[in-house]
Amino acid sequence: MALIPFFQMLPVWLGHILNTGWGEMDYGWAWFLSQAVFILIICLVLMLSVAAVILADRKIWAAVQMRRGPNVVGPFGLLQTIADAMKFLFKEVIIPAGANKVLFLLAPLVSVMTAFLAWAVIPFNKGWVIADLNVGILYLFAVSSLGVYGTVMAGWASNSKYAFLSALRAAAQMVSYEVSIGFVLITVLLFAGSLNISEIVQAQQTTSVLALFHWNWFSLLFPMLVIFFVSSLAETQRPPFDLLEAESELVAGFFVEYSSGPFLLFFLAEYMNVIMLCGMMSILFLGGWLSPINVWPLNIPVLGIFWFLGKLALIFFLMAMVKAMVPRYRYDQLMRLGWKIFLPTSLIWVVLTAAYVTFLRPYIHLPGWL
C-alpha cells in the first residue's frame, strides 16, 4: 500500500523538525497505521456517500412525479440528508417495555457492522482495496449473508407482532434471493477463473478501443446481469420488493419500534448494502474501474476511481427509477419469481457457462465475448 512508506518515513521527518533524531518506523507499525487510516477514510467516505445517495434517491423520485423534492436546507437542498441525520441523533431512544433490551440495541449494530465489513474486499481502483483476498467473493457472500441476523434480532426483540412478522418476511426474502445471487456469482467466476475480485475486473481488460463490448455484460452473462439486478432489489428490500414494510400491512417493518440513533443505523446499513451491490454489479459485469473507451487519456490509471463511481451511480439511478415506476409485488409473486424463475434460470446458466468455458471458448471467440 502506498501509505506504508509514508508512515515509515513520518518519524524521520518529525525528527528533523523537532531535532530528536528519530529513525524509520518499524514496517509492522507502518502497515498497521496505513491500514487504519485507509479504513477510516473508507468509512467516512461511505457514510457521506450514503447521505448523497439518499438525497439522489429522493430527487429522482420527485422528478419522476414532477415534484421538486428536497430544496430548502442548503443550496438546492443538498444538506437535507445531513439535517435529517442530526434530527435523529438528538431524538430520544425509546425502548418498548416488553422488548429484550440487549438484543434490541444489538440488532442495528449487527446490521451496520456487516454492511461495513462487506466493503473490505471491494476494489475502487487497481490496488485500492483494504484486503485483496484470493477468496474475496466467498468472503463477500459470507458477510452479506450475516445481515439477516440483524433483521431477525430486531423483529424478535421488539416484542411486536408487526415487527416479528416483517422480520420473518425479510429473512425468507433475503435467503430466497441469495441463492440466485450465488449462482450468478458462479457464472462470473467461471468466466474469470478466479475468486479474487480484482482479478475478475482484470479478466475483462482488453486492448480493443471499444472496451465496453468486451466486458461481461456483452456476453453470455447478460441474463445474469438482469437476475443480479432484480435480486439486488429484493436482497436490499427496495421497491417493488419492499414487502417487509408494506405500510398497509406492517407499518414500518421490522424496525417499527425503533427511533433516534438505532433507526438511523438501520437506514445507514440499508443504503450501504445498496451501494455495495451497485458496486459489485459494476465490477462483475461492467469492468469495474476500466475505461469503456480504451484511448488516452481516458484509460490512465488515476481515472479508474471515477469510472467505477460513474458506473455505480448509473446502476443506482436505474434502481431509483424502478422504485419510482414499478408497483409493489404481492408476497406470493415475490417468492414465485425467486424460486420458480430466477433459481432454475441461474442454475441452467451455470451449466451453459461451464460448457462454454470448457469446450467452446478455447477454440472460438464470439464478438465481445472473453
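Residues numbered from 1 in each chain as written. Predicted model: local features only at pLDDT ≥ 70, side-chain atom pairs only at ≥ 80, totals over all residues. Heavy atoms only, no water.

Looking now at the pattern of salt bridges. All told, the structure shown has six salt bridges when counted by the stated rule. Linking Asp242 and Arg328 is a salt bridge whose minimum nitrogen-to-oxygen distance equals 2.9 Å. Of this pair, Asp242 sits in the loop between helix H9 (222-235) and helix H10 (247-250) while Arg328 sits in the loop between helix H12 (304-325) and helix H13 (331-360), and the two are 86 residues apart along the sequence. Owing to a relative accessible area of 8%, Asp242 belongs among the buried residues under this scheme. (Salt bridge = Lys/Arg side-chain N within 4 Å of Asp/Glu carboxyl O. Helix = DSSP H or I, 4+ residues; strand = E, 2+ residues; numbered from the N terminus. Buried < 20%, exposed > 50% of the residue type's maximum accessible area, 1.4 Å probe, protein only.)

This part takes up the confidence of the model for the protein chain. Averaged over all residues, the pLDDT of the protein chain equals 84, while 89% of them reach at least 70. In the model of the protein chain, helix H1 (residues 3-18) stands out as the element of lowest mean pLDDT, 54, in contrast to H9, which has the highest, 92. (pLDDT = per-residue confidence, 0-100.)

With respect to the helices and strands, the residue Val102 is situated in helix H4 (residues 101-118). Taking relative accessible area as the criterion, Val102 reaches 63% and is therefore assigned exposed. Between the C-alpha atom of Val102 and that of Ala157, which follows or precedes it by 55 residues, the distance is 8.4 Å.

Ranked by size, the top nonpolar core spans 75 residues in total, and within it Phe228, Met280, Leu284 and Phe285 carry the most contacts. Top contributing element to this core by residue count: helix H11 (residues 260-285), with 14 residues. Sequence-distant contacts of Met280, defined by excluding residues within four places in its chain, comprise Ile122, Ile137, Leu140, Ile197 and Phe228. By size, the runner-up hydrophobic cluster in this structure holds 15 residues, among which are Ala154, Ala157, Leu244 and Phe255. (Core = buried A, V, L, I, M, F, W, Y, C linked by side-chain atoms within 4.5 Å. Contact = heavy atoms within 4.5 Å.)

Side chains of Phe76, Leu78, Leu79, Ile82, Met86, Leu89 and Phe90 sit close together on the surface and give an oily, nonpolar patch of about 790 Å² of accessible area. With respect to the element layout, Ile82 can be found in helix H3 (residues 80-89). (Patch = residues over 30% accessible without salt bridge, like charges linked within 9 Å, V, L, I, M, F, W, Y side chains within 5 Å. Areas by Shrake-Rupley, 256 points an atom, 1.4 Å probe, with all protein chains shown as cover.)

Here we come to the packing of H4 against H11. Where H4 contacts H11, the two axes come as close as 9 Å, and the packing angle between them is 25°. Accordingly, the angle class assigned to the pair H4 and H11 is roughly parallel. For H4 against H11, the interelement crossing comes out left-handed. Along its contact with H4, which presents Leu105, Ala107, Pro108, Leu109, Ser111, Val112, Ala115, Phe116 and Ala118, the element H11 presents Pro262, Leu265, Phe266, Leu268, Ala269, Met272, Asn273 and Met276. Of the residues in the contact of H4 with H11, the class split is 15 nonpolar, two polar and no charged. (Axes fitted to C-alpha atoms, helices over the stretch in contact; angles between N-to-C directions. Parallel < 35°, antiparallel > 145°, perpendicular 65-115°, else oblique. Left-handed = near helix turned anticlockwise from the far one by under 90°. Nonpolar A, V, L, I, M, F, W, Y, C, P; charged D, E, K, R; others polar.)

All right, on to the side chain of Gln80 then. Mapped onto the fold, Gln80 is located in helix H3. Judged by relative accessible area, Gln80 falls into the buried class, the value being 14%. Apart from the residues lying within four places of it in its own chain, the contact partners of Gln80 are Leu55, Arg58, Pro70 and Val73.

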